[in-house]
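# A structural walkthrough
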Amino acid sequence: MIRIENRFQLKQVRAECQAETKQEKCRVLICGGTGCLAGGSAKLYEHMKELAAEHENVQVEIGPEIAHIGVHKSGCHGFCEMGPLMRIEPYGYLYLKVQESDCGEIFEKTVLRGQPVERLMFRQDNKVYPSEEEIPFYAKQTRLVLKNCGHIDAERIEAAIAAGAYEGLEKALFEMTPKAVIQAITDSKLRGRGGAGFPAGKKWSQVAAQKETVRYVVCNGDEGDPGAFMDRSIMEGDPHRMIEGMLIAAYAVGAQEGYIYVRAEYPLAIERLKLAIAQAEEAGFLGDNILGTDFCFRLHINRGAGAFVCGEGSALTASIEGKRGMPRVKPPRTVEHGLWEKPTVLNNVETYANVPMIIQRGAEWYRGIGTPESPGTKAFALTGNVCNTGLIEVPMGTPLRDIVFDVGGGIPNGKKFKAVQIGGPSGGCLSEKDLDRHMDFDSLTKIGAMIGSGGMVVMDEDTCMVEVARFFMSFTQRESCGKCVPCREGTQRMLEILERIVAGQGTMEDLDTLRDLADMIENTALCGLGKSAPKPVISTLNAFRDEYVAHIRDRRCPAGVCSKLRVYSIDPAKCKGCSKCARNCPASAIHGTLKSPYTIDQDACIRCGSCVEQCAFGAITVEK
Amino acid sequence: MGFMTIDGQRVEFTNEPNVLTVIRNAEIDIPTLCYHSELSIYGACRLCTVEDDRGKTFASCAEPPRDGMVIYTNTPRLMRYRRTILELLLAAHDRDCTTCVKSGECHLLELAHRMGVDRIRFKNREAKYPIDESSPAIVRNPNKCILCGDCVRMCDNVQSVNAIDFAYRGTSTLVTPAFNKTIAQTNCVNCGQCRVVCPTGAISIKTNIDEVWDALADPNTIVVAQVAPAVRVALGDKFGIPKGENVMGKLVNALHRLGFHEVYDTTYGADLTVIEEAEELLERISSGAKGPLFTSCCPAWVKFCETRYPELADNISTCRSPQQMFGAVIREYYRNPEINQGKKLVSVSIMPCTAKKEEILRPESMTNGRQDVDYVLTTTEVASMIRKSGIRFENIDGESTDMPFGIGSGGGVIFGVTGGVTEAVLRRLQTGHSRVEMDRIRTSGVRGDDGLKELTFDYMGKEIRAAVVNGLGNADKLIKRIQSGEVSYDFVEVMACRRGCIMGGGQPVGAGPRTRKARAKGLYDTDVNMQIKKSNENPMVLALYEGLLKGKTHQLLHRNLGSTEN
Amino acid sequence: MKPTMLDQSYYETANEIISRYPLEEKSLIPIIQDIQATYRYLPPDLLDYVAKKIGITETKAYSVASFYENFSFEQKGKYVLKICDGTACHVRKSTPVLQYLRQELGLSETKQTTDDLMFTVEVVSCLGACGLAPAMMVNEQVHPKMTPEKAAELLKELRAKEEEGRNDDQN
């Protein structure tokens, strides 16, 4: 691509890119997201490509070489549960769970003749949904930030430009002063999507107001919450949107240098970003005198090295500086003393991805979406015990029920809904009574939960909430940086107590100690991650106290999950007295005489469950 | 500048760096375990958490004071938090408190008592790390470490040594040299400042008390002591004597009672150093040698320079330190059978410094390949011996030091404070004796607390440029500037510890700004009361040059660089 | 603790990697990431070497490197099996997969690499492939919806591949 020197050229380039996209007759887009790739989409690509080789005007898109998961084109569609996904343009058909053996049929029918292959389409209640847009999973969403993910070639800047990339930058650079840009972001009431929901406009204006003129723009792509992959999808599927957001931020606050900090676990995102940056530099969107103006901005990528705590702002900047990723005391805050102690705008991927459309379409338009205090949309990673797992985007304030049951399609296998864990280890558990709660920053904060980065794990009736609390606590404990005492020692002790409880060795006093520790940690820990670490415990203790009590008083796990609390017994009516269980019992807890029913010595039983596997007659029952 | 309300009291503040300082200035001793006014704010212990009028909690160490602030420091929940934090620390701590070296002055234990921690709900973590006794100066016991990071910031930020740092993370976090090396395998300079700031027994002095007791009890030995200047103004801390008071007389008495046969004053050794070093400086200047002459009195500095800037090794004075000059002289003196009475000499020096323990082992400071000083006891160790013996130190009378090395000059005494060596050398180079002349030197900029002081003086019509630097971090910065050509000097005095030996790694801990000032004043006051101000006018020293030192000055007073190692 | 002296080629590789970055503290992490990527571990001697080159102490470099999970001072296996224990995977039973692999390979939480340096089994927090839970990564490739049976199958394949490679070498 040529280096764009002025606005006129930019318009020309855009028109060319759009024309080029329109010329294509048939496009086969095979999802190259991490999910579909693992499902074998690379082979689909090879196969379709072979089939298309003799035909002109058929374009098959996905990376040419599969050296590792780094070189593929279209991004994640978000419907990972149904992968591998194949989308065929211009018909808009979306085929699900496509296998290599389906390729021939798809090619013959759809590619050559435009006919649908119905058996590969989404089906619900006997209704077939040919296109992505009609599928309830998508229909109930408002995809703004994720609009292009899965729909454009993520490795070609031309495709991004054709889809409207850098229109926001164009408007900012040629029609707005930096002040006006900040004003627009302030007016839009855009709030940071990384967790606490701090107003982005306020952050930017604070950076712009600093005396120090060397400033940085940093993007937090260290999406570490277990069960969250929104940012990964944006970086992989539409990297230019995020880069454009950073460019606009840099223009607004007068920064010349920016850093993107990406988790090392996201190699594909890193590859895509590298490519996108190189292409943007070549086209003149990055570097010196951007689009012929005085504005200069360089962008660097830093790979994370495996530390969840680096999602915290000051730990992240420390890591970029080559130090241990430990949060530091605040004040001074990042807007004053951020990277290399210079004023720094630090937002996450999704926040930056919102910026271009706000500039382009105006604050008022943006405020029309979502709630008055939390405008816009929010991307969630919907996972766990829900029919449609995947990446979704809904307006802020959407009731939880709509997300779980309409978008998510409810709970699989006829099970009952129990809870949603939101916001990862820093969030909390929402229970049935919260189903009609609106998902926005303030209503969640009110009940002690947190949107966090947007991980949403649905849990059904078979989930033990004490075990869930233990799981999150073990995560935070493992990821504690070890600096402040409350987090380092406190989470460790909370974990010990929870481990005791799930093993049936807890006491009622332990519950008081848990609350005591949680209260202390929430109020004294050094950083946001530490302060919110007890949330999963407190929220489950509030909503599911009876489960804790059952584990302690009755030595019973109501969900039947905690293996140490299961009671195994042999049904004498079914037992044939074969002795297989007794021979295989590692604790020698099963006794009896051949050919008559055996019994389990409950005191000796270590509840490993191996007898259940051994019994050929289904005589061993597990009592919850 | 403004007012804030602390626990209902209206408190004025001016330029205090944080709310914590305002609280303490209001005479509320809010507890901390990681806050040190000399170090950067770390914010790890969270004990100084306070709450405002809206119930928001924050750590007072990190919060700048604002006008109109309303804060509470002792609400029931804050006290509960503090108790829980201490409980957590104790549970993760090797709790052999009764037999711990730090017993009696452990900050963690003191706070636990104060906050009323009366039970520990958590299982004590096992003591699993090996104790590192490899260093001649300090002992590191990670099982007692509470990860406050004071030692790390001292070693890295203040001293620029970075022999130890945090490694790993979470509950596995450990303060350690790289790859779990021992301290002896690192570039540790033995300054002991880590031990000074350590609130627990995680870093302590490697003691030689037992060896000295044994020597004192042995009928076949003569045990002599030399006492460094800075010891006399700090030892009193341990016995409730006003800060900075010179207790040299009492110490001599106590040492005699403990069984030391003779007690000498290292000030005498300092006088020898001044004479030799001034000589070397003049020679260097007249020969036009390149670069400054660095002092060599401080072994921590010498080791720092050797490891970090080996290219500057030739610029370090060839003089031995006062301890080593005097040590060699004592050893030589006791070679005389009439004096040693056929007994074995055990030479002990009593120092404010942990690095001196390493200095006596350095080949270059040995005479004919033999160690001159046998043991170094720090001020802290001597206090502990006195206490053990039951001597009521605060009540005993003073005695004077023993002959023939009993007289020192004022110039020698002020070695214990930063700038002292330079001031003594200036006196030596100054021909006059009048008070006016002494005052002129005193006010030349050589005195004071600053990490770097620069001055020029006139010697026989030639301008001599000197720098006085204390704290190795400051020295490091200065060397970089010297090497870049930004500055140049003829003479540079370096003391590894901030403010010099009075704040050495072997001194009683817990010295705040008031104590620091009092110690410096104690030495300067001692100088004021001494008749001999100049080292080169100490008659006993002059006599030595005519006697024992004749033809042996080089052998006994200078470092044998590269000559006797093999 | 320190292994024996490294071959000269290690230092040459390190020099090449170091030359890609400015000689500053901020380059430490990217440099050692590249070294780790090359050797699948971070040879301790190279850490010291890099530290000196970029002007920081070995203690500092060790402090930083030991903080981050991705760096290993011990050699890892040819195949690094990362079992995701993120929320979704945990809920969908990743633990039995982990238990199976550890048992089969004789590994544990503390011993993560087989003696023949063939396999390393690690637990990771979240691979971000929650739709495929439980997920496992073998080197850079994600394997979806794992079960102990599928893990057994996979091990068999990898071992067969190795066997083949060895036979090829001999021929």
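As recorded in an unreviewed UniProt entry, chain A goes by the name NADH-quinone oxidoreductase subunit NuoF, listed as coming from Dysosmobacter segnis.

Of the regular secondary structure elements, chain A holds 25 helices and 19 strands. For chain A, the C-alpha radius of gyration of 27 Å lies close to 25 Å, the compact-globule estimate for 624 residues. By its C-alpha atoms, chain A is 90 × 65 × 40 Å across when sized along the principal axes. Per-residue burial over chain A gives 58% buried out of 624 residues. The contacts in chain A between residues at least 6 apart in sequence include a share of 71% that link residues at least 24 apart.

What chain C contains, in helices and strands, is seven helices and four strands. Along the longest, intermediate and shortest principal axes, the C-alpha atoms of chain C span 50 × 45 × 30 Å. Looking at chain C as a whole, 41% of its 171 residues are labelled buried. Across chain C, every contact between residues at least 6 apart in sequence was considered, and the portion connecting residues at least 24 apart equals 63%.

Let us look at the environment of Glu306 of chain B. Residues and elements named next belong to chain B. In this structure, Glu306 sits in helix H9 (residues 299–308). You can call Glu306 partly exposed: it has 14 C-beta atoms within 10 Å. Remark: the alpha-carbon pair of Glu306 and Asn187, spanning 119 residues in sequence, is separated by 9.9 Å.

With 33 residues of chain C at the contact, the number on the chain A side is 43 residues. A per-element tally of the side of chain C that touches chain A places helix H5 (residues 87–91) of chain C first, with four residues.

Residues and elements named next belong to chain B. The strand order across the open sheet formed by four strands is S12-S17-S16-S15, and the pairing between neighbours is mixed. Each edge of the open sheet carries a strand with a single partner, namely strand S12 (293–294) and strand S15 (452–459). Sheet analysis places S12 next to strand S17 (residues 491–495), joined by two bridges and oriented parallel. Residue Leu293 lies in a different strand from S17, and its bridge partner there is Phe491. Helix H15 (residues 420–429) rests against S15, strand S16 (462–470) and S17 of the sheet, and its axis sits at about 145° to S17.

As a further point, take the interface of chain C and chain B. Each partner contributes residues to the interface: chain C has eleven residues there, and chain B has twelve residues. Broken down by element, the residue count for the side of chain C that touches chain B peaks at seven residues, all from helix H4 (residues 58–67) of chain C. In the side of chain C that touches chain B, the residues fall into four nonpolar, four polar and three charged.

This paragraph deals with the sheet that holds strand S1 (residues 79–84) of chain C. All names here are of chain C. Spatially, four strands are ordered S2-S1-S3-S4 in an open sheet, and the strand pairing comes out mixed. The sheet is open, and its two borders are formed by strand S2 (119–124) and strand S4 (141–143), each paired with just one other strand. With direction set aside, neighbouring strand axes in the sheet form an average angle of 25°. Across three bridges, strand S3 (residues 136–138) lies against S4 in antiparallel orientation. Across the sheet, Val138 pairs through a bridge with Gln141, a residue of S4. Against the sheet, helix H6 (residues 95–105) touches S1, S2 and S3, its axis set at about 155° to S2.

What follows concerns the domain arrangement of chain A. Parsing chain A into structural domains produces domain 1 (22–135), domain 2 (165–181 + 191–367), domain 3 (377–460), domain 4 (465–553) and domain 5 (566–623). Relative placement of domain 3 of chain A and domain 5 of chain A: their C-alpha centres are 41 Å apart.

This part covers unusual backbone geometry. Most peptide bonds adopt trans geometry, and most residues besides glycine take a negative phi value. Cis peptide bonds are those with omega within 30 degrees of zero, and the linkage from Lys330 of chain A to Pro331 of chain A qualifies with 0°. In this fold, Pro331 of chain A is placed in the loop between helix H13 (313–320) and strand S10 (344–348). The phi torsion at Asn190 of chain B lies on the positive side, around 70°, for a residue other than glycine. Here Asn190 of chain B lies in the loop between strand S8 (174–176) and helix H5 (193–197). In this structure Asn190 of chain B comes out as buried when scored by C-beta crowding, with 27 C-beta atoms within 10 Å.

Okay, the packing of helix H18 (residues 465–479) of chain A against helix H22 (residues 535–543) of chain A next. Geometry of a packed helix pair, given as the angle between the helix axes and the separation of the axes. Residue and element names in this part refer to chain A. Look at H18 against H22: their axes get within 8 Å of each other, and the N-to-C directions meet at 170°. By the angle class used here, H18 and H22 are roughly antiparallel. In this structure, H18 uses Met465, Val468, Ala469, Phe472 and Met473 to contact H22, whose residues at the interface are Pro536, Val537 and Thr540. Split into classes, the residues belonging to the contact of H18 with H22 amount to seven nonpolar, one polar and no charged.

Residues and elements named next belong to chain B. Along the chain, Thr515 turns up in helix H18 (residues 513–528). You can call Thr515 partly exposed: it has 19 C-beta atoms within 10 Å. It is 9.6 Å that separates the C-alpha atoms of Thr515 and Met503, two residues lying twelve residues apart in sequence.

Turning next to the domain arrangement of chain C. Taken domain by domain, chain C comprises domain 1 (8–67) and domain 2 (79–170). Spacing between the C-alpha centres of domain 1 of chain C and domain 2 of chain C amounts to 28 Å.

All names here are of chain A. The residue Ala604 is located in the loop between strand S18 (599–600) and helix H25 (610–614) in this model. Through-space distance from the C-alpha of Ala604 to that of Gly455 is 41 Å; in sequence the pair is 149 residues apart. Dropping the residues within four chain positions of it, Ala604 is found in contact with Ala587, Ser588 and Ala589.

Attention shifts here to the nonpolar core. With 397 residues, the main nonpolar core has Ala249 of chain A together with Trp301 and Ala496 of chain B as its most contacted residues. By residue number, the principal contributor to this core is helix H11 (residues 239–253) of chain A, which donates ten residues. Beyond its immediate sequence surroundings of up to four residues, Ala249 of chain A is in contact with Trp204, Val217, Val345, Tyr352 and Val355 of chain A. Core analysis: the second largest hydrophobic core is formed by 14 residues, Cys575, Cys585, Ile600 and Ala619 of chain A among them.

Another aspect to go through is helix H10 (residues 230–237) of chain A. Here H10 of chain A lies mainly inside the structure; eight of its eight residues are buried. Turning to H10 of chain A, its buried residues number three or more, namely Met230, Asp231, Arg232, Ser233, Ile234, Met235, Glu236 and Gly237 of chain A.

Low pLDDT marks stretches whose predicted atomic positions should not be read closely. Residue and element names in this part refer to chain C. Confidence in the prediction for chain C averages 87 pLDDT; 91% of positions are at 70 or higher. Confidence, expressed as mean pLDDT per element, reaches its minimum in chain C at H5 with 71 and its maximum at H4 with 97. For this predicted complex, the interface confidence comes out at an ipTM of 0.91, alongside a pTM of 0.90.

What follows deals with the pairing of strand S15 (residues 455–460) of chain A. All names here are of chain A. Most of S15 is tucked away: six of the six residues are buried. Side chains of S15 alternate between two faces, with Gly455, Val457 and Met459 and Met456, Val458 and Asp460 buried alike. In this structure, strand S13 (residues 417–422) lies alongside S15, joined through five bridges in antiparallel fashion. Across the sheet, Ile422 pairs through a bridge with Met456, a residue of S15.

Residues and elements named next belong to chain A. Direction vectors running N to C along helix H8 (residues 178–188) and H11 enclose 120°, while the axes themselves pass 7 Å from each other. The angle between the axes of H8 and H11 places the two elements in the oblique class. The hand of the H8/H11 crossing is left-handed. Counted together, Pro178, Val181 and Ile182 of H8 and Ile248, Tyr251 and Ala252 of H11 form the full contact between these two elements. Looking at the contact of H8 with H11 residue by residue, the class counts come to six nonpolar, no polar and no charged.

An α-helical turn contains 3.6 residues, so any two residues separated by three or four positions project in the same direction. All names here are of chain B. Here helix H10 (residues 322–333) contains twelve residues, and its C-alpha end-to-end distance of 16 Å stays within 8% of the 16 Å for a straight helix at 1.5 Å per residue. Among the twelve residues of H10, ten are classified as buried, and the element is accordingly described as predominantly covered. Within H10, burial applies to Pro322, Gln323, Gln324, Met325, Phe326, Gly327, Ala328, Val329, Ile330 and Arg331. Buried positions along H10 lie against strand S10 (221–227), helix H8 (266–287), strand S13 (344–351), helix H12 (356–359), helix H19 (539–546) and helix H20 (553–557).

The rules behind these values
Throughout, a residue's number is its position along its own chain's written sequence, starting from 1. The lettering of chains begins at A and the numbering of ligands begins at 1, in the order of writing. Local features in this predicted model are restricted to residues of pLDDT 70 or higher, and side-chain atom pairs are both shown and tallied only at a pLDDT of 80 or more, whereas totals for entire chains, interfaces and linings draw on every residue. By the criteria applied, helices consist of DSSP H or I runs no shorter than four residues and strands consist of E runs no shorter than two, each listed in order from the N terminus. As a reference, a globule follows 2.2 Å times the number of residues to the power 0.38, and the radius of gyration itself is taken over C-alpha atoms. Think of it as a crowd count around each C-beta: if 20 or more other C-beta atoms lie within 10 Å the residue is buried, if 12 or fewer it is exposed, and in between it is partly exposed, with C-beta placed from the backbone throughout. C-beta atoms are first placed from the backbone for all residues, and any pair lying within 7 Å is then listed as a contact. Two strands are counted as paired when DSSP detects at least two bridges linking them. A fitted line through C-alpha atoms serves as each axis, taken over the contacting stretch for helices, and the angle formed by two N-to-C directions is quoted from 0 to 180°. The residue classification treats Ala, Val, Leu, Ile, Met, Phe, Trp, Tyr, Cys and Pro as nonpolar and Asp, Glu, Lys and Arg as charged. All others, Gly included, are polar. For the domains described, the bounds stem from an automatic or database domain assignment. Relative orientations are named as follows: roughly parallel for angles under 35 degrees, roughly antiparallel for angles over 145 degrees, roughly perpendicular for angles from 65 to 115 degrees, and oblique for any other angle. In this usage, the nonpolar core is the set of buried Ala, Val, Leu, Ile, Met, Phe, Trp, Tyr and Cys residues whose C-beta atoms join them within 7 Å. Think of pLDDT as the predictor's per-residue confidence, scored from 0 to 100. Less than a right angle of anticlockwise turn of the near helix away from the far helix marks a crossing as left-handed, whereas a clockwise turn marks it as right-handed. A helix is expected to span 1.5 Å multiplied by its residue count minus one.

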